[in-house]
Amino acid sequence: MSQRIHFFGFFISENNFILQVLCVHNKFNLAIMKYKHIFEPLDLGFTTLKNRVLMGSMHTGLEEEKNGYEKMAVYFAERAKGGVGLIVTGGISPNIQGWTAPFSARLSSKKHIKNHKKVTKAVHAEGGKICMQILHSGRYGYHPFNVGPSKIKAPINPFKPFKLNSFGINRTIKDFVNCAKLAKESGYDGIEIMGSEGYLINQFIAKRTNNRNDKYGGDYEKRMRLPVELVTKIRKAVGENFIIIYRLSMLDLVEKGSSWQEIVTLGKAIEKAGATIINTGIGWHESRIPTIATSVPRAAFTWVTKKMKEEISIPLVTSNRINMPETAEKVLAEGHADMISMARPFLADPEWVNKAKQEKDDEINTCIACNQACLDHAFQKKIASCLVNPRACHETELNYTKTTTKKKIAVIGAGPAGLAVSTIAAQRGHNVTLFEADSEIGGQFNMAKQIPGKEEFHETIRYFTKQIELQNVNLRLNTKVSTDDLKNSDFDEIVIATGIKPRQLNIEGVNHKKVLSYIDVLKHKKKVGKKVAVIGAGGIGFDVSEYLLHKGESTSQNIDAWLKEWGIDKSLEARSGIEGVKPEFTQSDREVFMFKRSKGKFGGNLGKTTGWIHRSNLKKKNVKFIGEVSYDKIDDQGLHYTQNEEKKVLEIDNVVICAGQLPFKELYQSLVDTGKNINIIGGADFASELDAKRAINQGARLAVKL
Ligand code: FAD
Ligand code: NAP
Ligand code: SF4
């Protein structure tokens, strides 16, 4: 017989009560069970981090922007609210010589504290913790006052460094210590000392950049003196109860970098000098091995941190290409590290941690590691953002507030532009119907996701699929909308997001059976022969070539195969992880010849930070690049073209045309004069240099105006 008990003023049966308590308890347990390693607090002795997630340092450009610290306060506070365990700011220089570029952010005097306090206050108000990264660029400083251990120019910087003399080194150490003390006064919970990625400290450590013969150069003991002195002196200055993270380069990936034994020696010395946490750095910026691009497999480098765990007892953080909770949990559960660092995933989704905690993985807006709006922007001195989340770093001006006038909206086309506008407009409270001619959403992303190394693009389609459900967008697949469908409709607003059509070429024989378009190849899976000419050397030409040359499983899905492909020695016997290692990969039995009419290097318009990877991949696969041509005709014999006034013919099985795109705006043109409220976005609006970054951004910005 069940008894009745009194519970918060309600009578319920005891059995029922126990059942409910068990349910709640089990649900809680299950939630903790799935990602229990991520959500285990980390006790640092004097303070405890609520979970194992660190938001890694990223320069966003807000640091140098007018009212940038107010904007940064909002940006970081959103991530703190989103549940991040510990945030690390973008790099702040301890002095002028350490600038990344002229007038970049610096903390070297008390007058700078006021700005930093805005950030620390905002983060603490949301229950977060934040460390400030101290970054001295050394020879990477893009300005004429840059300094280094020796006068050796970086291959990626036109400015040759001045050699720091012993007075200069002492002053630099003082500036680091001063900066750390000012960070503490600004309210930060700690600092991160940037000792990796090839910046100043790394330059002192490696023979590649340090040919001194004083006490900071020569054998390894001397080359590692600077970082050890920095940690020791900073610890003395800031006291015990302040987090010091040291970012240790665990794999330099450049010739004449550190050996594994040297890195272990340094790690131990840094621990002894008083660091609280060691974070993992992979690869110098000048390295020619990708470390965070989308083609790098998820968690490709956590095995390096695991190896260091055998040597060090303070908490170790691992990083690089961790973007979803399952990956993070696996890395922690397998003991690769004590914490996970993710940077770009927090541009893509500030709520990442809270969503993981609630096991709402399918609601996470996943970072696809494209670099298009974050790193590429940083290199172009633009404010960083995110391709999949245009709000990132624009939190004070792009907000999806509820509408006061609910409208009935039709969106035509479920590519990135249409998906962004429809889901955000619906989130704001509008009644949205999304029409798509195809049987699936995604538009051109359905072709992009098939390119080996671009598998992450599936995640964006998954994210939007879930958003359509959550925001109650009325999705109508397999529905090609015509002018008549819309002319007499009762929609308050019509958004045309019909995308593009491929450019048709005016070459004799363009309709020959050998000729295919990229859509024939990627979407309609038409058969392609062994010898192929690709016309056009833009993003799609490169992607199609990669697709055609691919054999077997994509190495982006297999860490060991990927490491071999890039010549990285997992045993770490090779200095820097690469010296003397030959890349191994499967050559395709297909030959690709890439053509373009213009001068200049192939792939020159590809992403600033990723173009070189695509070029390097195709070179390895023996693609022949044929530039400055004009096309004459295509016939049974092959592709006839002229180069340097010489007529040539290339015998091929197929020609694949990837010659750019034009707006698909016929529907728009037929509606503009109907008196209806017609909007146009994405490729339909403007196809030249269109990418998903522009399409999604335009969609989001229209959605807030509707
Ligand atoms: P689209 O994606 O073209 O979508 C338009 C949609 O409208 C389509 O689904 C179409 O079926 C639908 N539609 C058209 N007419 C109608 C109608 N009358 N009724 C109903 N539906 C209709 N961009 C990047 O930023 N980074 C990359 O790495 C990248 N890689 C790419 C790789 C490949 C192989 C390709 C092909 C493209 C790539 N892009 C990339 C480009 C990117 O996909 C496009 O810029 C983006 O998809 C444009 O978005 P959109 O919404 O304007 O148009
Ligand atoms: P694209 O980058 O503009 O390249 C078009 C290519 O076609 C150029 O190489 C051009 O070379 C050639 N071309 C243009 N007009 C031609 C003509 N009349 N005859 C012969 N050749 C001609 O366009 P895309 O490759 O089609 O890509 C479309 C968009 O998708 C791009 O804007 C890009 O941003 C985006 N995308 C991005 C990525 C990425 O990784 N970020 C990947 C894929 C696609 P010449 O003029 O020298 O001959
Ligand atoms: Fe990630 Fe691309 Fe967004 Fe950068 S722009 S955060 S790489 S999805």
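Residues numbered from 1 in each chain as written. Chains lettered and ligands numbered in written order. Predicted model: local features only at pLDDT ≥ 70, side-chain atom pairs only at ≥ 80, totals over all residues. Heavy atoms only, no water.

1. Here's the deal with the overall build of the protein chain
- Looking only at helices and strands, the protein chain has 23 helices and 29 strands in total.
- When the 706 residues of the protein chain are sorted by exposure, 58% land in the buried category.
- Charged side chains in the protein chain number 102 positive and 77 negative. The centres of these two groups are separated by 5 Å. (Helix = DSSP H or I, 4+ residues; strand = E, 2+ residues; numbered from the N terminus. Buried < 20%, exposed > 50% of the residue type's maximum accessible area, 1.4 Å probe, protein only. Lys, Arg positive; Asp, Glu negative; His and termini not counted. Charge placed at Lys NZ, Arg CZ, Asp CG, Glu CD.)

2. A look at the site of ligand 2
- Surrounding ligand 2, one finds 21 residues, the nearest of these being Ala537, Ile540, Arg597, Ser598 and Leu690.
- Backbone polar atom of Cys658 to an oxygen atom of ligand 2: 3.5 Å apart, as the coordinates give it.
- Contacts to ligand 2 include Leu690, whose backbone N or O atom sits 2.8 Å from an oxygen atom.
- Look at ligand 2: alone it shows 900 Å² of surface, and the protein chains cover 75% of it.
- Considering each element in turn, the shell around ligand 2 owes the most residues, three residues, to helix α19 (residues 539-548).
- Its residues assigned to classes, the shell around ligand 2 shows seven nonpolar, seven polar and seven charged. (Near = heavy atom within 4 Å. Polar contact = N/O pair within 3.5 Å; in protein donor to acceptor, adjacent residues only side chain to side chain. Areas by Shrake-Rupley, 256 points an atom, 1.4 Å probe, with all protein chains shown as cover. Nonpolar A, V, L, I, M, F, W, Y, C, P; charged D, E, K, R; others polar.)

3. Brief notes about the sheet that holds strand β12 (residues 277-282)
- The strand order around the closed barrel formed by eight strands is β5-β6-β7-β10-β11-β12-β13-β14, and the pairing between neighbours is parallel. Shown here is a sheet whose adjacent strand axes are inclined to one another by a mean of 30°, direction ignored.
- Pairing of strand β5 (residues 53-55) with strand β14 (residues 339-342) involves three bridges; the strand directions are parallel. Bridge pairing in β14 links Val53 to Ile340.
- Running at roughly 150° to strand β6 (residues 86-92), helix α2 (residues 68-81) makes contact with β5, β6 and β7 (130-134) of the sheet.
- Across the face of the sheet, helix α3 (residues 113-125) comes into contact with β6 and β7 while running at roughly 145° to β7. (Pairing = 2+ DSSP bridges. Axes fitted to C-alpha atoms, helices over the stretch in contact; angles between N-to-C directions. Contact = heavy atoms within 4.5 Å.)

4. Let's talk about the site of ligand 3
- The local shell around ligand 3 consists of Arg344, Leu347, Cys367, Ile368, Ala369, Cys370, Asn371, Ala373, Cys374, Cys386 and Leu387.
- Class assignment of the residues belonging to the shell around ligand 3 gives a composition of nine nonpolar, one polar and one charged.

5. Describing unusual backbone geometry
- Positioned with a positive phi, Ala299 is a non-glycine residue whose angle comes to about 55°.
- Along the chain, Ala299 turns up in the loop between β12 and α9 (302-309).
- In the Ramachandran plot, Glu359 falls in the positive-phi region, its phi being about 55° despite a non-glycine side chain.
- Among the secondary structure elements, Glu359 is positioned in the loop between α12 (352-357) and α13 (375-379).

6. Re the pattern of salt bridges
- Throughout the structure, instances matching the rule amount to 37 salt bridges.
- In this structure, Arg575 engages Glu262 in a salt bridge whose closest nitrogen and oxygen atoms are separated by 3.0 Å. Here Glu262 lies in helix α8 (residues 260-273) and Arg575 lies in the loop between α20 (559-565) and β22 (591-595), a separation of 313 residues in the sequence.
- The exposure class assigned to Glu262 is buried, which follows from its relative accessible area of 13%.
- The partner of Glu469 in a salt bridge is Lys466, and the shortest N-O contact between them spans 3.2 Å. Residue Glu469 and its partner Lys466 are both found in helix α16 (residues 457-470); the two are separated by three residues, about one turn of the helix.
- Its relative accessible area of 16% is what places Lys466 among the buried residues. (Salt bridge = Lys/Arg side-chain N within 4 Å of Asp/Glu carboxyl O.)

7. Structural notes on the environment of Asn241
- Position of Asn241 relative to the elements: it lies in the loop between α7 (225-238) and β11 (243-251).
- You can call Asn241 exposed: its relative accessible area is 56%.

8. Regarding the pairing of β6
- Extensive coverage of β6 is indicated by the burial of seven of its seven residues.
- Sheet topology places β5 next to β6; two bridges connect them, and they run parallel. Considered in β6, the bridge of Leu54 is made with Leu86.
- Pairing of β6 with β7, which is carried by four bridges, proceeds in the parallel orientation. If you follow Ile92 over to β7, its bridge partner there is Ile134.
- For the handedness criterion, the β-α-β arrangement of β6, α3 and β7 is classed as right-handed. (Right-handed = clockwise from strand over helix to strand, strands pointing away.)

9. Side note on the packing of aromatic side chains
- Tallied over the full model, the rule gives 15 aromatic pairs.
- Between Phe602 and Phe625, the aromatic rings sit 5.0 Å apart at their centres with planes inclined by 50°, giving tilted as the arrangement. One end of the pair, Phe602, is in the loop between β22 and α21 (611-620); the other, Phe625, is in strand β23 (residues 624-626), and 23 residues separate them in sequence.
- By relative accessible area, which is 11% here, Phe602 ends up buried.
- Looking at Phe625, the relative accessible area reads 25%, which means it is partly exposed.
- Between the NZ or CZ atom of Lys381 and the centre of the ring of Tyr142, over which it lies, the distance is 6.0 Å.
- Over the ring of Phe491 we find Lys408; its NZ or CZ atom is 5.0 Å from the centre of that ring. (Phe/Tyr/Trp six-rings, centres within 6.5 Å; stacked < 30°, edge-to-face > 60°. Lys NZ or Arg CZ within 6 Å of the ring centre and 35° of its normal.)

10. Some points on the packing of helix α14 (residues 416-427) against helix α23 (residues 692-705)
- At a minimum axis separation of 7 Å, α14 and α23 run at an interaxial angle of 25°. By the criterion of interaxial angle, the relationship of α14 to α23 is roughly parallel. The chirality of how α14 crosses α23 is right-handed. On the side of α14, the interface is formed by Pro416, Ala417, Ala420, Val421, Ile424 and Ala425, while α23 contributes Ala692, Ala695, Ile696, Gly699, Ala700, Leu702 and Ala703.
- Residue composition of the contact of α14 with α23, by class: twelve nonpolar, one polar and no charged. (Parallel < 35°, antiparallel > 145°, perpendicular 65-115°, else oblique. Left-handed = near helix turned anticlockwise from the far one by under 90°.)

11. Regarding the packing of helix α4 (residues 166-185) against α7
- For the pair α4 and α7, interaxial distance at closest approach is 9 Å and the crossing angle is 40°. Regarding the angle of α4 to α7, the classification is oblique. In this structure, α4 meets α7 at a crossing whose hand is right-handed. Within the contact between the two elements, α4 uses Ile169, Ile173, Phe176, Val177, Ala180, Lys181 and Lys184 and α7 uses Leu226, Glu229, Leu230, Lys233, Ile234, Ala237 and Val238.
- By residue class, the composition of the contact of α4 with α7 is ten nonpolar, no polar and four charged.

12. Some remarks on the side chain of Asn617
- Here Asn617 shows up in helix α21.
- In contact with Asn617, not counting residues within four places along its chain, are Glu546 and Trp566.

13. Description of the confidence of the model for the protein chain
- Of all residues in the protein chain, 95% attain a pLDDT of 70 or more, and the chain-wide mean is 94.
- Counting interchain partners and residues more than four positions distant, the pLDDT-below-50 stretch residues 1-31 has 19 contacts. (pLDDT = per-residue confidence, 0-100.)

14. Looking at α9
- For α9, the full list of buried residues reads Thr302, Trp303, Val304, Thr305 and Met308.
- Here the buried face of α9 lies against β11, α8, β12, β13 (316-318), α10 (325-333) and α20.

15. Some points on α19
- Here α19 lies mainly inside the structure; seven of its ten residues are buried.
- Among the residues of α19, those classed as buried are Gly541, Phe542, Asp543, Val544, Ser545, Glu546 and Leu548.

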